[in-house]
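Working through the structure, step by step
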Amino acid sequence: MNSPLQAALWRFYRTNRMETALRIGSLTCLLVLVYWPAQSLGDLQLQAVRGVAMLMLLTATLFSSAWLSGLDGTSLHRVEFVRPISTIWMVLVPMSLSILSAMLAYVLPVACLRGLFDAPLPLLGPMAWIMSAVSCCSAPIWAASSPRSRWLGFVAGLIFCSILVALFHWRHQSSLPFLLALGDADYFQFHWYEFLLCLVITGLSLLVAVIGVDHQRHGLKWPWFRHQHEVRGRSTRARDPSTSIATIIGTFAKRPFRSPLAFRGPLAAQIWFELRRVVPTVAMLSILAPMLILAFCLLCPLVDPEWNSASYVWLVASLCCPLLVQFAGADRALGLQHRQGTAWLSSFDASRPVHCDYLVGVKLLVIAVCSLVGSLLMVAVAGAHAGFSGDWRAWQMLSDRLVEVAWYWWPIGLLNLLLVYIGSTSALLVFGLTLALRPRWMSVGIVLGLLQLLLAIWDAKQGWQLQPIWAALCYTTAIALVIFCLWAVRTALVASTVCWTWFRWILGLWLVYAVTGCVALGKLLPALPFEPPLALTVLAYASLVIALGTTVLAPVSLAAHRHG
């Protein structure tokens, strides 16, 4: 590089290009899939869908690994203190690019929706929100010098942003609930002083970050933190640390994850290690998600006294909770360490005397148990709220539908649900492990899938004029799925990453899943309101092999990281 500034720009691009591309692509696909079926709804329902889309966009664009990685001490300025670059550029370059990437992750999906469906989604107002929110949350991460201070500053930034949103909603004086108000096209009509306020908040946040990093580069501390450090030092010397309240609380907090004196074998040690790595994150998510839904259901009647859709909100949340816990558990169970655009396994994971298929089996077991506990907790809170409010309509509707199902479908459905969960979790593990090794392959696949989705939406609006192309694509995809499954099985058996005992169990369970899935598809497809094309039917039956292919390929992907 010709200058340190160019090196900083290149480093940010190299370390965050994949995350930004995945975020933009996934948000665009998700919003298109949500908004496309909603075109036939009424005005009020369509406004609610727009509100959900806006909430998803604003939440997903706010949080990014470009600056969240600083919470664990791996922020950019922790590495580049000694680089020959001024503090201003060292802070402004990554923070400004983080803000720009967040704004880009909002603009591109909104532009796609406005171009495809003529959706009245705003641009300037939410971009100003995103700019000020990202700067408020990321500035304390740069300015603070300890992990505890960074977390406190991050929480304070979130609280400050929430207060600003509440004040803006109160000033707007909208009689609609917040979720419906987000879908209103005139809700984000900012005045000039509101844009100025967002610019002032962003400028002050950048100034605080620059001053904090400059203090750290010169070995100084903020006066308040220095005073607290001196007071803490005097108070610590004045008392016995073994009897302090912080020590007692820390002891009880670490007791459930305390290592036993001896393990019965490497497999038991691996189970304990996976539980210790996955359970804290999943437990926090399993507790926080019901509390947020409960707060939403308690606050909505205060805004709109006629609001009575709490049971439907709880039903959707209970159905989505296993997916959220599954994503979080799979991310933690991968155990990949990321730094400067590279990812690798830790020395413990790479050198464990446990076979790869056993490691994958342990990860799947831990994720499944955590998802089950999180789902039960969500259902318990939903039941408590329903019993307190007396709103059982959604649950009664679900029970009426389930009663109509024949008794012999219950064990078949539960078994299929379990096998689908195992296959989808294995697919998440394969996706995460392969993405770290072959990022270009995954990015090309995501771009091609996004282009096909946009082309399908355009063709649907034109009356499906390209039916021969879609039929050929369905047949080709079905053949590719079968070839992929055969290749995955052969690779796993030849490389001995899956032993024959495990393969027999996997194959037996998959045969049960395939037979019951074929029977279910044979009952479901004729019951559809339209007659599906033959190509789509063939693709639906061929997709049953995905579970087998991803399950046997997960140990192969893990072995590629362990053995290079």
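Below is a summary of the structure that appears in this document. Residue positions are given per chain, counting from 1 as you read along its sequence in written order. Residue-level local features of this predicted model are given only where pLDDT is at least 70; pairs of side-chain atoms are given and counted only at 80 or more, and the full residue set underlies all totals for whole chains, interfaces and linings. Side-chain metrics in this entry use all non-hydrogen atoms of the structure; hydrogen atoms and water are not considered.

**Details of the overall build of the chain**
The helix and strand labels rest on DSSP assignments: H or I over at least four residues marks a helix, E over at least two residues marks a strand, and numbering proceeds from the N terminus. In terms of regular secondary structure, the chain is built from 22 helices and 2 strands. Here the chain holds 564 residues, and 39% of them are scored as buried. Looking at the chain alone, contacts between residues at least 24 apart form 79% of all its contacts between residues at least 6 apart. Accessible surface area values rest on a Shrake-Rupley calculation with a 1.4 Å probe, where residue burial reflects the displayed protein chains alone. Surface exposure of the chain reaches about 31500 Å², of which carbon and sulfur atoms provide 71%. Throughout this description, buried means an accessible area under 20% of the type-specific maximum (1.4 Å probe, protein chains only), exposed means over 50%, and partly exposed covers the range between. Only heavy atoms matter for contacts: two residues are in contact if any of them lie within 4.5 Å across the pair.

**Description of the packing of helix H17 (residues 409–437) against helix H20 (residues 500–524)**
Put simply, H17 and H20 touch, their axes get as near as 10 Å, and they point 120° apart. Classed by the angle they form, the pair H17 and H20 counts as oblique. Handedness of the crossing formed by H17 with H20: left-handed. Touching Trp409, Ile412, Leu415, Asn416, Leu419 and Val420 of H17 are Leu509, Val512, Tyr513, Thr516, Gly517, Val519, Ala520 and Lys523, all from H20. Asp, Glu, Lys and Arg are counted as charged, while Ala, Val, Leu, Ile, Met, Phe, Trp, Tyr, Cys and Pro are counted as nonpolar; the rest, among them Gly, fall into the polar class. Looking at the contact of H17 with H20 residue by residue, the classes come out as 10 nonpolar, 3 polar and 1 charged. To define axes, lines are fitted to C-alpha atoms, for helices over the stretch in contact only, and angles between the resulting N-to-C directions are given on a 0 to 180 degree scale. Working definition: roughly parallel below 35 degrees, roughly antiparallel above 145 degrees, roughly perpendicular at 65 to 115 degrees, and oblique for all remaining angles. What makes a crossing left-handed is the near helix being turned counterclockwise from the far one by less than a right angle; a clockwise turn instead makes it right-handed.

**Points about the packing of aromatic side chains**
Pairs were defined over the aromatic rings of Phe, Tyr and Trp, the Trp ring being its six-membered one, requiring ring centres within 6.5 Å. Orientation was assigned from the angle between planes: stacked under 30 degrees, edge-to-face over 60, tilted for the rest. Applying the stated criterion to the full structure yields 7 aromatic pairs. Measuring from ring centre to ring centre gives 6.1 Å for tryptophan 151 and phenylalanine 154, while their planes differ by 85°; the resulting arrangement is edge-to-face. Of this pair, tryptophan 151 and phenylalanine 154 both sit in helix H7 (residues 147–172), 3 residues apart, which is roughly one turn of that helix. A relative accessible area of 46% places tryptophan 151 in the partly exposed class. Seen from their ring centres, tryptophan 500 and phenylalanine 503 are 5.8 Å apart, and the 90° between their planes marks the pair as edge-to-face. Within this pair, tryptophan 500 and its partner phenylalanine 503 are both found in helix H20, separated by 3 residues, close to a single helical turn. Residue tryptophan 500 is classed as exposed on the basis of its relative accessible area, which comes to 53%. For phenylalanine 503, a relative accessible area of 10% corresponds to the buried category.

The analysis is restricted to geometry; functional conclusions fall outside its scope.
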